[in-house]
Number of protein chains: 4
Amino acid sequence: MTHAPHALRITVWNENVHESTQPQIAAIYPTGIHGAIAEGLGQLLPTAQIRTATLADPEHGLDEATLADTDVLLWWGHMAHDQVDDAVVARVHERVLAGMGLIVLHSGHFSKIFRMLMGTTCSLLWRNEAERELVWGVSPSHPIAEGIPSPLIIDHQEMYGEYFDVPEPDGVVFISSFAGGEVFRSGITYRRGLGKVFYFSPGDQEYPVYHQAEVRRVLANAARWAAPGETPQRPPEVGNPARDWFVRDEREGAVE
Amino acid sequence: MTHAPHALRITVWNENVHESTQPQIAAIYPTGIHGAIAEGLGQLLPTAQIRTATLADPEHGLDEATLADTDVLLWWGHMAHDQVDDAVVARVHERVLAGMGLIVLHSGHFSKIFRMLMGTTCSLLWRNEAERELVWGVSPSHPIAEGIPSPLIIDHQEMYGEYFDVPEPDGVVFISSFAGGEVFRSGITYRRGLGKVFYFSPGDQEYPVYHQAEVRRVLANAARWAAPGETPQRPPEVGNPARDWFVRDEREGAVE
Amino acid sequence: MTHAPHALRITVWNENVHESTQPQIAAIYPTGIHGAIAEGLGQLLPTAQIRTATLADPEHGLDEATLADTDVLLWWGHMAHDQVDDAVVARVHERVLAGMGLIVLHSGHFSKIFRMLMGTTCSLLWRNEAERELVWGVSPSHPIAEGIPSPLIIDHQEMYGEYFDVPEPDGVVFISSFAGGEVFRSGITYRRGLGKVFYFSPGDQEYPVYHQAEVRRVLANAARWAAPGETPQRPPEVGNPARDWFVRDEREGAVE
Amino acid sequence: MTHAPHALRITVWNENVHESTQPQIAAIYPTGIHGAIAEGLGQLLPTAQIRTATLADPEHGLDEATLADTDVLLWWGHMAHDQVDDAVVARVHERVLAGMGLIVLHSGHFSKIFRMLMGTTCSLLWRNEAERELVWGVSPSHPIAEGIPSPLIIDHQEMYGEYFDVPEPDGVVFISSFAGGEVFRSGITYRRGLGKVFYFSPGDQEYPVYHQAEVRRVLANAARWAAPGETPQRPPEVGNPARDWFVRDEREGAVE
């Protein structure tokens, strides 16, 4: 009955285009957004095995072996959604359905993998004027909210506003308001196949959001929450069983 | 297959204490909050039969005959929750479980009937400083949201903020933000027994909220949504059927 | 505040392959499964405008003009899911997100459109041995359950069993059991974009399920439930509004 | 960021009336239903601190000190619901809202505490004819389902059937079918206040259900799932904060 006999295995994926091409973004994230996220997870989950992967890596760093060795994948993308290979997206999709946790961040709402899992446009309102975002907890006993102040204050951030065109979430953990008055369901959970999915909206590349301690804790909480109970194997499959397929052989007893 | 062979029968209940004792409130609501709500419903639901009832009426105006003749009950209370007779609350509770719709308004979050249906404290944050409330639609195809602008702007209103201690709603139709930055799940739906329940938070007695056209439409939409498909009869009951109780007599065919 | 100023416009889509190629199926459904479904809807929704469309029609009968004139689309497919043109699927998807209701039937769980909307494998267990299916209502006040006996008894039907790999439904209306002991969430609802989606599992081509009165009423109830409040226009779109975009001009008042 | 710095503290409550008065029940459960449950939890959660309490104990064994030292309470009752003191029920209710997990078993669906938390009749169908119950998993990645076969087969058990009059569950983990054809949502989750609630229907006193290994694992999984992240303190409370109450003092930085 032990959970995770192995250490939690986390892969942080980032397209890493802003940081590679815009010095002002590289100044905020000198090791990339993925580097800042990985650093934060390492602080809070010291026994976890954390790797990073980016768009420029072969197969975007998401080859079969890496995904097979990943319990939870974090995804940050923005400018280069279209450059993500469909075969890689299909592979990630299959792994999520098989049980791998997925944490989609900020502009990742428009990533191929998130839209494929949601089935909707995932559109929203946005305005990038460095507004204050207040992230309120509306499910205070949810594991992802543990230890997070309500509100979590992000001094400067891009506004994301409703209507956010996603399916009805299984759970709403956080709702944000912005200085301009908009609201946004900023922390939402879904189950897809055997995998747990968490979307968390803070984190525009122009602000040091992933350096903020409370945000790091949200991500660490989410990684633990999204981790599968057992090693992901295969997505659910169709079956055509004979009648009474489930009846136990009389020789095995399930009663102690 | 007709819905509601009779006209929609609505009862608007209001404790009517502020209006009776505070001239400045009576100035806003000369016919009472119930009067303003009933007027709005009458405008938008011209075929509905609308009555009002208040705390001072015998049995608070909610005797058996009235409830048996009510499809949807609206509830506004604040100062006098404790003066509502427990027997009346039990009667309303039973009618909701039997299918009567219930729309609970603003400070009614602390009413006996709402707390009994929720099973939680129903506590929240509040601050009465005439802040602007923006009511955002997050379920735009919900019947209660039909024709409502997003945001619906209420110029002056009491702030209600999270954490709002209610069960996970079946649906979240509206989320509000306030000038001070707080957010609130301001339009939420529940099913309890055979009855549909809608809580809508705008409507403090100090502001003319129930005179506002969009708010009136929310309430009219909600009344139609909460109405039972058929006349409420009894709450669900325990049963102890014999095996195969449901098998049709061979002589009756269900296939055309 | 009127709903559906026009008559309810329904399109029944069926691949129509079994009926065209297998005489024993054609004997059960001489006008096709679509014909039987359309007949049932016509009986119960006499003012509705009902058309049918099949795989063999140009653009599968789902051209732009037809979809623009459709409030609710019913979908039956089985053998020929792969023959449905991706462009047509994309068009149906867009219409659902814009508000068109969609009712997916039986083996349609593996249709391209349903899998695209769900984001999961939609796999399940099946066994075709003419078992009795009992369809139990677990949300008795849901509009789709109105007037439906619990259990609804289908004397002979293919077994569909859990685990059914779909997202957590917004609502579970029906749960079935089968003679062999399996259970199945046989009536489930979702919202996708502005569109309402209902999946109903009874209806294998080998049994006269769509001739059964109670099943016809489920479909008629579902068509009314899934209909949009207003004519579908466009899916939700991304927006980039300036601050205070929502503030009303002072000259227009929203207070009556 | 460690969970549960202390061992998991579990209290198993049982009215213990059948076992005390009916020899044939005592033969099945010589240490009481609570004894069998506690034994099973002890096997699977070896580091947990497990105590039992019964109706006959002073304050039913649920005094303030005991509840303050309880992370998760299991509840089995049947004949003696009415003998449970209202003050004790109110105390348990408050602790659940403050974060204590609650697992309600079988006939506990009619207990005062469960009905208070649900707000509905909690009625259902029943028939005690030793039918086979098949417990199917419909949320296979839920922590409570981990390691549980689907179906879990209970050879002899009382039938509980739909319609089960409870609020829409936050999650449905298990759905059962019975030899007679009925279905039942047999494993369902709720959040109430800060507390997690799980209802699990198998476990009539006439059958050795709590000796069955898979059932014991369900309860152990549920105890771990229901445990609060932090020690329960107080239920959510009303607040009346000044504007900007949440703004951090400039001297404390939340950015690392």
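Structure shown above.
Here the structure is a predicted model, which means the values were calculated and not measured. (Residues numbered from 1 in each chain as written. Chains lettered and ligands numbered in written order. Predicted model: local features only at pLDDT ≥ 70, side-chain atom pairs only at ≥ 80, totals over all residues. Heavy atoms only, no water.)

(A) Structural view of the overall build of chain A. If you tally the helices and strands in chain A, you get 7 helices and 9 strands. Rg of the C-alpha trace for chain A: 19 Å, near the compact-globule value of 18 Å for 256 residues, within the 12% margin. Principal-axis analysis of the C-alpha atoms gives chain A an extent of 70 × 40 × 35 Å. The buried share among the 256 residues of chain A stands at 66%. Within chain A, counting contacts between residues at least 6 apart in sequence, those at least 24 apart form 72% of the total. (Helix = DSSP H or I, 4+ residues; strand = E, 2+ residues; numbered from the N terminus. Rg over C-alpha atoms; globule rule 2.2 N^0.38 Å. Buried < 20%, exposed > 50% of the residue type's maximum accessible area, 1.4 Å probe, protein only. Contact = heavy atoms within 4.5 Å.)

(B) Broad picture of the packing of helix H3 (residues 32–44) of chain B against helix H7 (residues 213–226) of chain B. Residue and element names in this part refer to chain B. Direction vectors running N to C along H3 and H7 enclose 75 degrees, while the axes themselves pass 9 Å from each other. Classed by the angle they form, the pair H3 and H7 counts as roughly perpendicular. For the pair H3 and H7, contact is made by Ala36, Ile37, Glu39, Gly40, Leu41, Gln43 and Leu44 and by Arg216, Arg217, Leu219 and Ala220, respectively. Split by residue class, the contact of H3 with H7 holds 6 nonpolar, 2 polar and 3 charged. (Axes fitted to C-alpha atoms, helices over the stretch in contact; angles between N-to-C directions. Parallel < 35°, antiparallel > 145°, perpendicular 65-115°, else oblique. Nonpolar A, V, L, I, M, F, W, Y, C, P; charged D, E, K, R; others polar.)

(C) Here's a closer look at the relation of the copies chain A and chain C. In the superposition of chain A on chain C (RMSD 0.0 Å, axial shift 0.0 Å), the rotation amounts to 180 degrees. Both copies are brought into coincidence by an operation consistent with a two-fold rotation axis. Taking C-alpha positions as reference, the residue of chain A nearest the rotation axis is glycine 119 of chain A, located at 2.9 Å. (Least-squares fit on C-alpha atoms with pLDDT ≥ 70 in both.)

(D) Main features of helix H5 (residues 86–97) of chain B. All names here are of chain B. Compared with an ideal rise of 1.5 Å per residue, which puts 12 residues at 16 Å, H5 spans 16 Å between its outermost C-alpha atoms and is within 8% of the ideal. Looking only at H5, the buried set comprises Val88, Val89, Arg91, Val92, His93, Arg95, Val96 and Leu97. For H5, the elements touching its buried residues are helix H4 (64–68), strand S3 (72–76), strand S4 (101–105), helix H6 (112–118), strand S8 (183–192) and strand S9 (195–200). The N-terminus of H5 is capped by aspartate 85, whose side-chain oxygen sits 3.0 Å from the backbone nitrogen of alanine 87. Looking one or two residues past H5, glycine 99 carries a phi angle of roughly 125 degrees, positive in sign. (Expected span 1.5 Å × (residues − 1). Polar contact = N/O pair within 3.5 Å; in protein donor to acceptor, adjacent residues only side chain to side chain.)

(E) Inspection of the pairing of strand S3 (residues 72–76) of chain A at higher detail. Residues and elements named next belong to chain A. In terms of burial, S3 is largely enclosed, as 5 of its 5 residues are buried. Residues Val72, Leu74 and Trp76 point to one face of S3 and Leu73 and Trp75 to the other, with burial holding for every one of them. As paired elements, strand S1 (residues 9–14) and S3 share 5 bridges and run parallel to each other. Bridging across to S3, asparagine 14 finds its partner in tryptophan 76. For the handedness criterion, the β-α-β arrangement of S3, helix H5 (residues 86–97) and strand S4 (residues 101–105) is classed as right-handed. (Pairing = 2+ DSSP bridges. Right-handed = clockwise from strand over helix to strand, strands pointing away.)

(F) Looking closely at the packing of aromatic side chains. Summed over all chains, the structure comprises 44 aromatic pairs over all chains. A ring pair is formed by phenylalanine 164 of chain A and tyrosine 199 of chain A, whose centres lie 5.4 Å apart and whose planes are at 45 degrees; its orientation type is tilted. With phenylalanine 164 of chain A in the loop between strand S6 (152–161) and strand S7 (171–178) and tyrosine 199 of chain A in strand S9 (residues 195–200), this residue pair connects regions lying 35 residues apart in the sequence. The buried category is assigned to phenylalanine 164 of chain A, whose relative accessible area is 0%. Given the relative accessible area of 0%, tyrosine 199 of chain A is considered buried. Taking the centre distance of 6.0 Å and the plane angle of 20 degrees together, the rings of phenylalanine 198 of chain D and phenylalanine 200 of chain D count as stacked. On the basis of relative accessibility, which here comes to 0%, the residue phenylalanine 198 of chain D falls in the buried class. (Phe/Tyr/Trp six-rings, centres within 6.5 Å; stacked < 30°, edge-to-face > 60°.)

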